[in-house]
Amino acid sequence: MALEAKNIFFRYRNKKPWILEDCTLRVEKGERLALFAPSGYGKTTLAMLLAGYLKPIKGQILLEDKPLPQKGICPVQLICQHPENAINPRWRLRRVLEEAGGIREDMLDAFGIETAWLSRFPRELSGGELQRFCVARAISSDADYLICDEISTMLDVITQAQIWNVILNEAEKHNTAVIAVTHNRHLAAKIAERTVELPDL
Amino acid sequence: MKQKDETLLEIHDLSVSFRMYDHGLSQTDLEVISNLHLSVHPGEILAVAGSSGSGKSLLASAILGILPPNATVRGHLHYKGQELNAQRQKQLRGTEIALVPQSVSFLDPLMKAGKQAEGHHRPRTPAPIKSLFRRLELPEETERLYPFQLSGGMARRVLVSTALLTDARLVIADEPTPGMSLEQAMEALGMFREMAREGKAVILITHDIDLAFEFADRVAVFYAGTTVETAPASDFRSGPDRLRHPYSKALWNALPQNGFQPIEGFQPYAGDLPKGCLFAPRCPYRTEKCIISIPPVREVRGGEVRCYYGS
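Throughout what follows, the structure given in this document is the object of discussion. (Residues numbered from 1 in each chain as written. Chains lettered and ligands numbered in written order. Predicted model: local features only at pLDDT ≥ 70, side-chain atom pairs only at ≥ 80, totals over all residues. Heavy atoms only, no water.)

On to the pattern of salt bridges. Evaluated as defined, the whole model comprises 21 salt bridges over all chains. The residue A:Glu4 makes a salt bridge to A:Arg26 at a minimum N-O spacing of 3.4 Å. Of this pair, A:Glu4 sits in strand β1 (residues 2–10) while A:Arg26 sits in strand β2 (residues 20–28), and the two are 22 residues apart along the sequence. On the basis of relative accessible area, A:Glu4 is assigned to the buried category, the value being 10%. A salt bridge links B:Arg19 to B:Asp29; its shortest N-O distance comes to 3.1 Å. Taken together, the residues span a long stretch of sequence, with B:Arg19 in strand β1 (residues 9–21) and B:Asp29 in strand β2 (residues 27–40) at a distance of 10 residues. Several salt bridges share partner residues, and in doing so they unite A:Arg104, A:Asp106, A:Glu170 and A:Lys173 into one network. (Salt bridge = Lys/Arg side-chain N within 4 Å of Asp/Glu carboxyl O. Helix = DSSP H or I, 4+ residues; strand = E, 2+ residues; numbered from the N terminus. Buried < 20%, exposed > 50% of the residue type's maximum accessible area, 1.4 Å probe, protein only.)

Next comes the structure, spelled out in structure tokens:
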């Protein structure tokens, strides 16, 4: 049981240098991994490849030795760095959560989501508030792998600690793997069992 | 306290409310910033830290006069001793007062990064932008890329460069560092420090509070739309014992390197604020008095705190 990137190559345009070159990574189910790299080294690109938003030019992304499923809710969920770009601006937030399989009361409580926010549009909430919806949406989808791409950089440290505690608890309960992309070494030390430096892959 | 004429920006009793639809056609006012006091002096970096959704970015918009039309601003804003009204805001923003916006979606998706960094005020020579990009570790080709081709951290650095290229006296940087590596963030903040040395003022809105403690001169802590504590950054470096407000202490304790312990509960929703101290529902030291009335701002050990018991 693992999510694997096997010798993947990726670039956004032909003839440009590779962003990811012969990159291999294996994440076991239930593992907690932190991914480091300087800005612009392809952390987000790798996250998007692993979650199936991009296709590698060479190499394979395998989930339990099979390609990622093309239909239904993907078992590899990506939580993005910029929540304002990850939520349909024309949907009320209730619909955003319903899309991921219904609104779970325990999630609303755990993330401090006010019932009043459900009938609002994304532009009426702050970045930190929107991010809680994105995390709640990813967790309610019962994913086996959660990729957290700098999810807490726009949150205050108390909310950051709260959200990570919920994620780690849920992950523990359902044996979910967590791949955290972060720049904060102190945070990585708290949440991850294993650390990977992207330039080394 | 410094003399009034030394203050670059003085904010007194500011409140911001939004007119929103409630049921059907009835409207209500939602007050998101209330009784806010803040002053900024030339040559200093004032960090604004605090809860997500506590109105930090709205404060930036209020100073620049770019709030949406359904917002009402009350209170007093003074820039260089003169009232900062809508007309003056329009005149000053982009030239005297510059903003580093929070969201990378503020970049024009159809304009190349180099052109955006230059802005309306084309620099005299192309040299500064090239050297600035180099200092921010942006590859040379960044100038010719569109925003969608940039990574999160790169886009953020392009946003920072827009403010550094102006001759503004006051820079409001709204979350300039997320997505940057530690080294890059230090470099960007170091550049703000250089601006402060030239006598400019920087308001640094940030969640990277450990960095803010290192680089800022003073730190203002926001909670639920108001300042709960303003203190010298050195107090935040020393630890919770030197801090005056329980929320500031809680922030310190929630840092991953200091225990990663969150306090219970959430910031109250703007439409449903407690009657007394805004932090009272989550405060471990609350008393009857805190629940009944809002504590006034007091001066304690060279800082300001909005708490009956802060010492």
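If you trace the backbone, A:Ser141 turns up in the loop between α4 (127–140) and β7 (145–149). In contact with A:Ser141, not counting residues within four places along its chain, are A:Ile73, A:Gln77 and A:Ala100. (Contact = heavy atoms within 4.5 Å.)

Residue and element names in this part refer to chain B. The element helix α1 (residues 56–64) is largely enclosed, with a buried count of 7 among its 9 residues. Buried within α1 are the following residues: Lys56, Leu59, Ala60, Ser61, Ala62, Ile63 and Leu64. Immediately beyond the C-terminal end of α1, within one or two residues, lies Gly65, with a positive phi of roughly 70°.

Our focus in this paragraph is the nonpolar core. One finds A:Trp164, A:Ile167, B:Leu170 and B:Phe192 to be the most contacted residues of the largest nonpolar core, which totals 138 residues. When sequence neighbours within four positions are dropped, the list of residues in contact with A:Ile167 reads A:Val135, A:Ile139, A:Leu146, A:Cys148, A:Ile151 and A:Val178. Grouped together as the second largest cluster of nonpolar side chains are 30 residues, A:Phe10, A:Ala51, A:Leu63 and A:Ala177 included. (Core = buried A, V, L, I, M, F, W, Y, C linked by side-chain atoms within 4.5 Å.)

Residues and elements named next belong to chain B. Spatially, 8 strands are ordered β6-β7-β8-β3-β9-β10-β12-β11 in an open sheet, and the strand pairing comes out mixed. The open sheet has two edge strands with one neighbour each: β6 (97–100) and β11 (298–300). The sheet shows a mean angle of 20° between the axes of neighbouring strands, direction not considered. Bridge count between β6 and strand β7 (residues 170–174): 4 bridges; the pairing is parallel. Directly across from Val100, in β7, lies its bridge partner Ala173. Sitting on the sheet, α1 is in contact with β3 (45–50), β6, β7, β8 (201–205) and β9 (218–223), with an inclination near 150° to β7. On top of the sheet, helix α5 (residues 152–164) reaches β6 and β7; it is set at about 175° to β6, its chief contact. (Pairing = 2+ DSSP bridges. Axes fitted to C-alpha atoms, helices over the stretch in contact; angles between N-to-C directions.)

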